[in-house]
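Reading the structure
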Amino acid sequence: MILYIYFARRFLKAFVAVFAVFTGVITMIEVVNQFNRFDSGKVGFADIIHLTLLHIPALMYPILPLVMILATLVLFLGLARSSELVITRAAGWSGMKALIAPVFTALALGIFSVTVFNPIVAATSKQYEARLSHYSSGKESVLSISQEGLWLRQGNADGQTVIRASGSNLDGTKLVDVSFLKFTASGTPLSRIEAESAALAQGAWQLKNAKKWPLLSSANPERDAKLFDRLSVPSDLTREEIRNSFGTPSSIAIWDLPAFIDRLDRAGFSARLHRVWFQSQLALPLLLAAMVLVGAGFTMRHTRFGGTGPMVLGALLMGFSLFFIRNFAQVLGENGQLPVYLATWSPPIAAILLALALILHMEDG
């Protein structure tokens, strides 16, 4: 157990060191990007730093596999230079046995990333998107999905209108069983509209079979209610604003994704993007373990054999290739060209099998 703990501790230190270096570099680049994005007269230095800190977790989370393979290279190159791998082999340890501790450490880091780091990324991403939208256009998210259905918000200086619908098409521009509740600028209810359906077209909601109740100007709203075969309600919403209000799946914690996917299905939206993201996160520990095996397969030999540079380059190229293939398969899954499970689980499993074949060939071939 002493050697297992020693290798695990060395690998964890290498991972933390590589992660810290990447975090520092990306933070400096992100600060510059935020300064270039906003006018310094409108967004101060403290706001820029706040935006950067909110965005850093979302920038670091996707590159965990690359951090993992670099940490593996740091670990095994260090062990090879110090001849510690030679000593462990002389003590009767095979190369596969020396990999047990790093692989299990990678799996543990992957589980920690999915269960703890992922919710942190989701929370900071949601705050970042809200703050970015506020600084860019002065608006925040206009759409929300709940157990009661789909909720939208629109408004201007004259007041706000809250829209609720039982269902929708894929982009939120056609609603069914819809309600409009209009408020004045001071927050007083002004009117209520119930309609069979509503479609967003030419800067207005076109309602069918609508009933409108005046809430502010009438002592008896039901008596003064009016029926309309067709009714137009002005709107400043656009198709792009509604679609962008969903945000990205990464802005939803993995613990909340199953319920959110269910609500999307019941509201009439396509949840394939969120399903692919959910399954890819469940497969993340396997992908991190595959990166460890790939890095180890190229760097477990002793440095006196020479060729360390080409072997490190080969490990990096293979790691980047697997990372690209995984992302490419995920895109195919999001577009519906591959089944969700095939797009998310096959790349890490194939990477593990390929890396094991490489290690067995390098060790015994």
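Attention in this report is confined to the structure presented alongside it. Keep in mind that this is a model prediction, so the values were computed, not measured.

**Details of the overall build of the chain**
Within the chain, the regular secondary structure consists of twelve helices and seven strands. The buried share of the chain, reckoned over its 365 residues, is 45%. Taking as baseline every contact in the chain between residues at least 6 positions apart, the subset at least 24 positions apart corresponds to 65%.

**Overview of the packing of helix H3 (residues 64–81) against helix H11 (residues 308–334)**
With their axes 10 Å apart at the nearest point, H3 and H11 run at an angle of 160° to one another. Here H11 runs roughly antiparallel to H3, going by the angle between their axes. Along this stretch, H3 crosses H11, giving a crossing that reads as right-handed. When H3 is examined against H11, the residues Pro-65, Leu-66, Ile-69, Leu-70, Leu-73 and Leu-77 are found in contact with a partner set consisting of Thr-308, Val-312, Ala-315, Leu-316, Gly-319, Phe-320 and Phe-323. Tallied by class, residues from the contact of H3 with H11 come to eleven nonpolar, two polar and no charged.

**A few points about the side chain of Ser-113**
Within the fold, Ser-113 resides in helix H6 (residues 100–137). Take Ser-113: its relative accessible area is 6%, and that puts it in the buried class.

**Details of H11**
If you check H11, its first and last C-alpha atoms are 39 Å apart, about what 27 residues at 1.5 Å a residue would give, namely 39 Å. At the exit of H11 stands Gly-336, carrying a positive phi of roughly 85°.

**Details of the nonpolar core**
With 64 residues, the main nonpolar core has Phe-11, Tyr-61, Met-68, Phe-76 and Leu-99 as its most contacted residues. Leaving out residues up to four positions away in the same chain, Phe-11 has contacts with Met-68, Ala-71, Thr-72, Leu-75, Pro-102, Thr-105, Ala-106, Leu-109 and Val-292. Counting 18 residues, the second largest nonpolar core, distinct from the first, contains Ala-195, Trp-205, Val-233 and Ile-242.

**Some points on the pattern of salt bridges**
Tallied over the full model, the rule gives four salt bridges. One salt bridge connects Glu-222 with Lys-211, and the closest N-O pair in it is separated by 2.9 Å. One end of the pair, Glu-222, is in the loop between strand S6 (204–214) and strand S7 (226–234); the other, Lys-211, is in strand S6, with eleven residues separating them in the sequence. Among the residues examined, Glu-222 registers a relative accessible area of 49% and is labelled partly exposed. Asp-224 serves as the salt-bridge partner of Arg-223, at 3.2 Å between the closest nitrogen and oxygen. Asp-224 sits in the partly exposed class, given a relative accessible area of 29%.

**Remarks on the side chain of Gln-279**
Following the sequence through the fold, Gln-279 ends up in helix H9 (residues 272–282). Discounting chain neighbours no more than four positions away, the residues touching Gln-279 are Val-340, Tyr-341, Thr-344 and Trp-345.

**Quick word on the packing of aromatic side chains**
Enumeration over the complete set of coordinates arrives at six aromatic pairs. Where Phe-324 meets Phe-328, the ring centres are 6.1 Å apart and the plane angle is 15°; that geometry is what we call stacked. Of this pair, Phe-324 and Phe-328 both sit in helix H11, four residues apart, which is roughly one turn of the helix. The partly exposed category is assigned to Phe-328, whose relative accessible area is 46%. In this arrangement the basic side chain of Arg-192 is found over the ring face of Trp-213, its NZ or CZ atom lying 4.9 Å from the centre.

**A look at the pairing of strand S5 (residues 189–201)**
Taken together, the nine bridges between strand S4 (residues 174–184) and S5 define a ladder with antiparallel strand orientation. Paired with Lys-182 across the bridge in S5 is Ser-191. Connecting S4 to the next strand, S5, in antiparallel fashion are four residues, including Gly-187 with a positive phi near 95°.

**Some points on the environment of Leu-264**
For Leu-264, the location among the structural elements is in helix H8 (residues 257–267). Overall, the relative accessible area of 1% leaves Leu-264 in the buried class.

**Considerations on a nonpolar patch on the surface**
Taken together, the side chains of Val-21, Val-25, Met-28 and Ile-29 make up a nonpolar region of the molecular surface, amounting to roughly 380 Å² of accessible area. Looking at the element boundaries, Ile-29 is found in helix H1 (residues 2–37). With a relative accessible area of 46%, Ile-29 lands in the partly exposed category.

Criteria and thresholds
- Residues numbered from 1 in each chain as written.
- Predicted model: local features only at pLDDT ≥ 70, side-chain atom pairs only at ≥ 80, totals over all residues.
- Heavy atoms only, no water.
- Helix = DSSP H or I, 4+ residues; strand = E, 2+ residues; numbered from the N terminus.
- Buried < 20%, exposed > 50% of the residue type's maximum accessible area, 1.4 Å probe, protein only.
- Contact = heavy atoms within 4.5 Å.
- Axes fitted to C-alpha atoms, helices over the stretch in contact; angles between N-to-C directions.
- Parallel < 35°, antiparallel > 145°, perpendicular 65-115°, else oblique.
- Left-handed = near helix turned anticlockwise from the far one by under 90°.
- Nonpolar A, V, L, I, M, F, W, Y, C, P; charged D, E, K, R; others polar.
- Expected span 1.5 Å × (residues − 1).
- Core = buried A, V, L, I, M, F, W, Y, C linked by side-chain atoms within 4.5 Å.
- Salt bridge = Lys/Arg side-chain N within 4 Å of Asp/Glu carboxyl O.
- Phe/Tyr/Trp six-rings, centres within 6.5 Å; stacked < 30°, edge-to-face > 60°.
- Lys NZ or Arg CZ within 6 Å of the ring centre and 35° of its normal.
- Pairing = 2+ DSSP bridges.
- Patch = residues over 30% accessible without salt bridge, like charges linked within 9 Å, V, L, I, M, F, W, Y side chains within 5 Å.
- Areas by Shrake-Rupley, 256 points an atom, 1.4 Å probe, with all protein chains shown as cover.

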